[in-house]
Protein chains: 2
Amino acid sequence: MALTLDSKNLETYIADSKKAFEANLKKLVDIPSVSMLPENKADIRKLADTTKALLTEFGARAEIYETKGNPVITAEFHSDKSHPTVLIYNHMDVQPADPEEWLSPPFDMKVDGDKYLGRGTTDDKGPALTALYAARFARENKLPINIKIVWELEEEIGSTNFFQFLEEHGDVVATDSVVVSDTVWISRDKPALPLGFRGLQCVLIKLRTGEIDTHSGLTGGGARNPYTELVDFLARCVDGRTGLVKVPGFYDGVEEPGPEELNGFIEAGFTAENFARAHKLKSLRFEDDKKVAAHIWSKPTFEIHGISGGYTAAGVKTIIPCKAEAKVSMRLVPGQDPEKLMDNLTAYVKEHIPDAEVEAVGQLKAYLGSREGKYLDAACQAVEEAFGKKPALVREGGSIGAVIALAEILKRPIVFMGLSLPEHGYHSVNENFDWGQAEGGMKAFVRYFELLSEL
Amino acid sequence: MALTLDSKNLETYIADSKKAFEANLKKLVDIPSVSMLPENKADIRKLADTTKALLTEFGARAEIYETKGNPVITAEFHSDKSHPTVLIYNHMDVQPADPEEWLSPPFDMKVDGDKYLGRGTTDDKGPALTALYAARFARENKLPINIKIVWELEEEIGSTNFFQFLEEHGDVVATDSVVVSDTVWISRDKPALPLGFRGLQCVLIKLRTGEIDTHSGLTGGGARNPYTELVDFLARCVDGRTGLVKVPGFYDGVEEPGPEELNGFIEAGFTAENFARAHKLKSLRFEDDKKVAAHIWSKPTFEIHGISGGYTAAGVKTIIPCKAEAKVSMRLVPGQDPEKLMDNLTAYVKEHIPDAEVEAVGQLKAYLGSREGKYLDAACQAVEEAFGKKPALVREGGSIGAVIALAEILKRPIVFMGLSLPEHGYHSVNENFDWGQAEGGMKAFVRYFELLSEL
């Protein structure tokens, strides 16, 4: 640890903060701020109020800004106009969670030793709270830097209204640089700073052929089966085994990563075996390390997440469904134009099922930042000093809609200092975070603020 | 009405029975005897006890017989050894019902004028109760016929244990002929006596590729997607638009109906337009009347009912599912060998997805009875006299597993005197039955018993 700050003071601060950190994380996790489900509207509001109170309690000047959708929470630990400013981005909304599939209730955070179990612990409430503890320490120790915080509540649904928020409140978020903490390491032993993200286009393809489900003994053979028709169409979109996309024009403009970048993925320690183990996958589409890395970080996908309608409970109910809705998403890479892609897909649907409806839900462009820059250097140094391990420069296969908005509107450098681990179960059951990552994360953020203050 | 019985007496009996019929039907419908769901096990037992009490109250000698699965209820209105015997078959188990989709609670029967709303009202509790009222009248009026009743509780799951019951209790069900009341008319104006039924083979195709669902941003492209793989495979099984089955060997041995029988379907008054209207279908696979009739009654199908796993709630959750299970059924026609068909399908699955599992759940052979015979003649006459309309001889596209068992073990003539209408919503939401069909049905059964007693 090479902090010029009083390291002992920081160690003490962190150790003394543990119980309160856990209590505060529980307070946040126990509010089911699922942005995807209309029934959690009141929880979103409750979370905004709770976080504003928390930020105020931490000594920041906090505010709630309304948008057409969910509110945005901002805060500032102000130092001095002449000092540099950094904006920390996290999000406070979470993915849905089915309690029946979890070992412990997803919205009643459980502390199991140094492990915190609950929806949102790692994505992204834990990292957000970690950065907040670091920011308070920086302020209390009078680091010459202004630290701003922005917490979004629509990240999991594509940050639809975040663009508008940034446009309307440029002064509130004005900054020299941005740090985003919402990404995943390669493994516990290998920190990663991602430079690029795939984009995302979610799509619903809907078909209704009757008013009610009917008995397949009575109507089967004569009635159209919307489920069977969608299945037939989806198989024309993607090769089930390899994932190769067959929608016309899908690969137009795709910019492939160079051999140097691909080799970098492997040199960073990525292996297909570790990847499969971390995500508990029995087998992968490919065996070759480089091929797997390329496919999760730098190649586009077309995935089917589910088809609603039909019968999906126990056994077989021999109905002909009256409607079906395919839930599909495409991960996009630099060079792909989401608008053109939607046009191509819609035309392809209409060609095969003229009375099907296509609805685009959420669209995020891919993002690719520079491999060089002083902010990136500072982040690398901070992480290495805090965790004792040099971070790898990689890409992430996921999408953070807010990043596109931040890049396009603020036009300031963005670095990605994530704290999550593959085994934390991003978007999965039994999501968790741990004190080790919180502790190291507080050190890394404090050190990063310090390095920025010296730039 | 040409009953030789005192018609006025029967009219009075029926009119006087209405309130009690409704109360008894409600008593049966309100017990959710869903044979498909393990959680309704206790309800199945409750229904057996309730029906035994009801049959006893009606003056029959009733009994409950245990099987490896659900019990079977029998009853007899004994007349004299020298008199002919008829066995009435109905079933008392029902399809599942999702209360959220229904206008009124499916297991809290509602009387709406002459309409009875609830799961099982038409399939098959209403027709069963109708036949029971007729049987009691026949006994009380000393018709020289022994009337036996058998009520099954596993019809909706393929009558798995009914075969064994019939084998073990041949004396209890010994009869000269069988009448089954579990079929649907062409329309309210066109009664139908079906001669044949399609068989059924239900199949689950399961694939697991990981331990937990993962985030498609993190794993998408590298992880196998079991949902996408099953979709790809299913599209190789069936043409979504036409329903043409592509599983190798599927059509081997299929016996097509002759032109005379096909013309008979149309002469019976079948039209694609009426069929679509009755089942609330927006469009059909074919427009031609004869083609639709052939496809629902005499051609085999491969239908996808749903795929579990994946995400099917609101919006799009961008997961890569760890498992998926396709729920498929094939309706079979005379000439198809279900065993060989399963072998072919299993080999086809293994060829495309070697680590997928195939599970056959429920298998019913197709059935085709004779177009001639004195029992059929009597049933035609009874229905025509009771309802004032000549019934058509058709086939049914559904499957009644018990019929195969009855035909193979009892080896006695079987006629199908159903009372349900297309608008009654067999296996659908808002299932219903009505007093008109109950009233006419009581007359038809009484007259049928009378004609049998004279044979």
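Given the structure is predicted, the values throughout are model-derived calculations rather than measurements. (Residues numbered from 1 in each chain as written. Chains lettered and ligands numbered in written order. Predicted model: local features only at pLDDT ≥ 70, side-chain atom pairs only at ≥ 80, totals over all residues.)

A few words now on the overall build of chain A. Broken down by element type, chain A carries 14 helices and 18 strands. Rg of the C-alpha trace for chain A: 23 Å, near the compact-globule value of 23 Å for 455 residues, within the 12% margin. Counting the 455 residues in chain A, one finds 57% classified as buried. In chain A, once contacts between residues fewer than 6 apart in sequence are set aside, the share between residues at least 24 apart is 79%. (Helix = DSSP H or I, 4+ residues; strand = E, 2+ residues; numbered from the N terminus. Rg over C-alpha atoms; globule rule 2.2 N^0.38 Å. Buried ≥ 20, exposed ≤ 12 C-beta atoms within 10 Å, placed from the backbone. Contact = placed C-beta atoms within 7 Å.)

Copies of the same chain, two in number, are related to each other by a rotation about an axis and a translation along it. Taken as rigid bodies, chain B and chain A are interconverted by a rotation of 180° and an axial shift of 0.0 Å, the fit giving an RMSD of 0.0 Å. In symmetry terms, the pair is related by a two-fold rotation axis. Closest approach to the rotation axis within chain B is made by the C-alpha atom of B:V231, at a distance of 2.7 Å. Most of the interface of chain B is mirrored in chain A: 100% of its interface residues are interface residues there too. (Least-squares fit on C-alpha atoms with pLDDT ≥ 70 in both.)

Bringing the nonpolar core into the picture now. Core analysis: the biggest nonpolar cluster contains 218 residues, and A:Y448, A:F449, B:Y448 and B:F449 have the highest contact counts within it. With residues up to four places along the chain from it excluded, the contact list for A:Y448 reads A:V179, A:A378, A:A379, A:A382 and A:M417. (Core = buried A, V, L, I, M, F, W, Y, C linked by C-beta atoms within 7 Å.)

Attention shifts here to the domain arrangement of chain A. Residue and element names in this part refer to chain A. Here the domain parsing of chain A yields domain 1 (7-197 + 366-454) and domain 2 (200-256 + 299-364). For domain 1 and domain 2, the distance between their C-alpha centres works out to 34 Å. With eight residues of domain 1 at the interface, the matching set in domain 2 holds nine residues. In the side of domain 1 that touches domain 2, the residues fall into four nonpolar, four polar and no charged. (Domains from an automatic or database assignment. Nonpolar A, V, L, I, M, F, W, Y, C, P; charged D, E, K, R; others polar.)

Right, let's talk about the interface of chain B and chain A for a bit. Taken residue by residue, the interface counts 83 residues in chain B and 83 residues in chain A. Those elements giving two or more residues to the side of chain B that touches chain A turn out to be β9 (199-208), β10 (214-215), α6 (216-219), α7 (226-235), α10 (289-297), β11 (301-308), β12 (319-320) and β13 (323-332) of chain B. When residues of the side of chain B that touches chain A are assigned to their parent elements, the largest contribution, eight residues, is made by α7(B). Its residues assigned to classes, the side of chain B that touches chain A shows 32 nonpolar, 33 polar and 18 charged.

With that out of the way, let us pick up the environment of B:S79. The residue B:S79 is located in the loop between β2 (72-77) and β3 (85-91) in this model. If sequence neighbours within four positions are ignored, B:S79 has contacts with B:P144, B:I145 and B:N146.

Looking now at unusual backbone geometry. Residues and elements named next belong to chain A. Looking along the chain, the bond that leaves D123 and enters D124 is cis, with omega of 15°. By the secondary structure assignment, D124 is in helix α3 (residues 121-140). Look at K411: it is not a glycine, yet its phi comes out positive at around 55°. Structurally, K411 can be placed in the loop between α13 (401-410) and β17 (414-416). Judged by C-beta crowding, with 7 C-beta atoms within 10 Å, K411 ranks as exposed.

All right, on to the sheet that holds strand β8 (residues 192-197) of chain A then. With mixed pairing, three strands are arranged side by side in an open sheet as β15-β8-β16 (chain A). Only two strands of the sheet have a single neighbouring strand rather than two, namely β15 (367-368) and β16 (392-396) of chain A. (Pairing = 2+ DSSP bridges.)

Now for the sheet that holds strand β9 (residues 199-208) of chain A. Residue and element names in this part refer to chain A. Taken in spatial order, the four strands make up an open sheet running β11-β13-β9-β14, and their pairing is antiparallel. Where the open sheet ends on each side, the last strands, each with one partner, are β11 (303-308) and β14 (357-364). Averaged over neighbouring strand pairs, the angle between their axes works out to 15° when direction is ignored. Bridge analysis of β9 against strand β13 (residues 323-332) gives 10 bridges, and the strand direction is antiparallel. Within the sheet, the bridge partner assigned to C202 lies in β13 and is S329. The strands that helix α11 (residues 338-352) touches are β9, β13 and β14; relative to β9, the one it contacts most, it runs at about 20°. (Axes fitted to C-alpha atoms, helices over the stretch in contact; angles between N-to-C directions.)

This paragraph deals with helix α12 (residues 374-387) of chain B. All names here are of chain B. The terminal C-alpha atoms of α12 lie 20 Å apart, and with 14 residues this matches the ideal 20 Å at 1.5 Å per residue to within 8%. Listed as buried for α12 are Y375, L376, A378, A379, A382, V383, A386 and F387. Angularly, the buried residues of α12 cover 160° about the axis, an arc narrow enough to put them on a single face. Next to the buried residues of α12 lie β7 (177-180), β8 (192-197), β17 (414-416) and α14 (435-454). (Expected span 1.5 Å × (residues − 1). Arc of directions from axis to C-beta.)

This part is about the packing of helix α1 (residues 7-29) of chain A against α3(A). Residue and element names in this part refer to chain A. As a packed pair, α1 and α3 sit with axes 10 Å apart at the nearest point and diverge in direction by 140°. Taken together, α1 and α3 sit at an angle that is classed as oblique. For α1 against α3, the interelement crossing comes out right-handed. For the pair α1 and α3, contact is made by L10, Y13, S17, F21, N24, L25, L28 and V29 and by T121, K125, G126, L129, Y133 and F137, respectively. Class assignment for the residues of the contact of α1 with α3 results in nine nonpolar, four polar and one charged. (Parallel < 35°, antiparallel > 145°, perpendicular 65-115°, else oblique. Left-handed = near helix turned anticlockwise from the far one by under 90°.)

What follows deals with the pairing of strand β7 (residues 177-180) of chain A. Residue and element names in this part refer to chain A. Going residue by residue along β7, you find S177 and V179 tucked away on one face and V178 and V180 tucked away on the opposite face as well. Bridge count between strand β3 (residues 85-91) and β7: four bridges; the pairing is parallel. When the sheet's bridge partners are listed, I88 is paired in β7 with V179. Sheet analysis places β7 next to β17, joined by three bridges and oriented parallel. Paired with V180 across the bridge in β17 is F416.

Attention now goes to the environment of B:G310. Within the secondary structure, B:G310 is located in the loop between β11 and β12. Overall, B:G310 belongs to the buried group, with 28 C-beta atoms counted inside 10 Å. Between the C-alpha atom of B:G310 and that of B:S82, which follows or precedes it by 228 residues, the distance is 62 Å. Leave out the neighbours within four places in its chain, and B:G310 touches A:H305, A:G306, B:Y227, B:P321 and B:A324.

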